[in-house]
Amino acid sequence: MNAKPWKPFVVPQSGAGRQFGLHPLDAPSERFGPLGSFVEIWRSKWQGAELPSWSAFDFYDFRGWYGWIHVDEQISEAPFDMRCRLWGTELVDRLGIDETDQPLSQSPAMVEHDIIPFYRNILALPAIGTNAGMVTSYGRVSEWTVVKLPCPGHGEEANVILSCSVQGVALSFPPEQLLSVGRD
């Protein structure tokens, strides 16, 4: 994995108090509240300085998280797009849509104006991504926190995002904990 330099910048809150954030790969797992144990599962698969490959995970690694997991794989660079490879059953039940096998470009989440740069930065830096706050993009208003973890799918570069969501909890991350790119 090629290390890329961080540039200081904070991702602002967008929309109805929804915050997209980028965190260093070594951010303390406690920062992610109830999703901290999910981050620890991801970290347990690291091999030295290399991000864990998507193939390093087993179904049983995610006991307790099964219905809350979603996995996206990059399918094109220009234009940037991803395809949802897995959309948990709890997400289907609570958001009313199954995004499995759907491209990001056709997701209801595309109303979030920061979504494409957010996903691109998670993979390119790489960084741990979070989005937290009120979700309205699925025709329902509810509070969520999501953690997004970069993984190589094929090869050495990250092109898969392993995500887990928790409903009813919207964590808030102060600017000094966040990283991003784009503004100098």
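Since we're looking at a predicted model, the values are computed, not measured.

## Quick word on the overall build of the protein
The helix and strand inventory of the protein stands at three helices and seven strands. Going residue by residue from the N terminus, the α and β elements of the protein occur as β-β-α-β-β-α-α-β-β-β. The burial tally for the protein puts 49% of its 184 residues in the buried class. Once local pairs closer than 6 in sequence are excluded, the contacts in the protein between residues at least 24 apart make up 59%. Looking at the protein as shown, the accessible area adds up to about 8700 Å², and 53% of this sits on carbon and sulfur atoms.

## A closer look at a nonpolar patch on the surface
Judged by side-chain polarity, Phe59, Tyr60 and Tyr66 come together as a nonpolar surface patch covering roughly 350 Å² of accessible area. Residue phenylalanine 59 is classed as exposed on the basis of its relative accessible area of 53%.

## Here's the deal with the confidence of the model for the protein
Mean pLDDT for the protein: 86, with 88% of residues reaching 70 or above. In the predicted structure, residues 1-15 sits below a pLDDT of 50 and forms 40 contacts with residues beyond four places in sequence or in another chain.

## Observations concerning the pairing of strand 3 (residues 69-77)
Both strand 3 and strand 7 (residues 158-167) contribute to a ladder of five bridges, which runs antiparallel. Note that in strand 7 the partner of valine 71 across the bridge is leucine 162. In the sheet, strand 3 pairs with strand 4 (residues 80-87) via seven bridges, with the strands oriented antiparallel. Across the sheet, residue glutamate 73 finds its bridge partner in strand 4, namely arginine 83. Counting the residues that bridge the hairpin from strand 3 to strand 4 gives two residues.

Quick notes on the rules
- Residues numbered from 1 in each chain as written.
- Predicted model: local features only at pLDDT ≥ 70, side-chain atom pairs only at ≥ 80, totals over all residues.
- Heavy atoms only, no water.
- Helix = DSSP H or I, 4+ residues; strand = E, 2+ residues; numbered from the N terminus.
- Buried < 20%, exposed > 50% of the residue type's maximum accessible area, 1.4 Å probe, protein only.
- Contact = heavy atoms within 4.5 Å.
- Areas by Shrake-Rupley, 256 points an atom, 1.4 Å probe, with all protein chains shown as cover.
- Patch = residues over 30% accessible without salt bridge, like charges linked within 9 Å, V, L, I, M, F, W, Y side chains within 5 Å.
- Salt bridge = Lys/Arg side-chain N within 4 Å of Asp/Glu carboxyl O.
- pLDDT = per-residue confidence, 0-100.
- Pairing = 2+ DSSP bridges.

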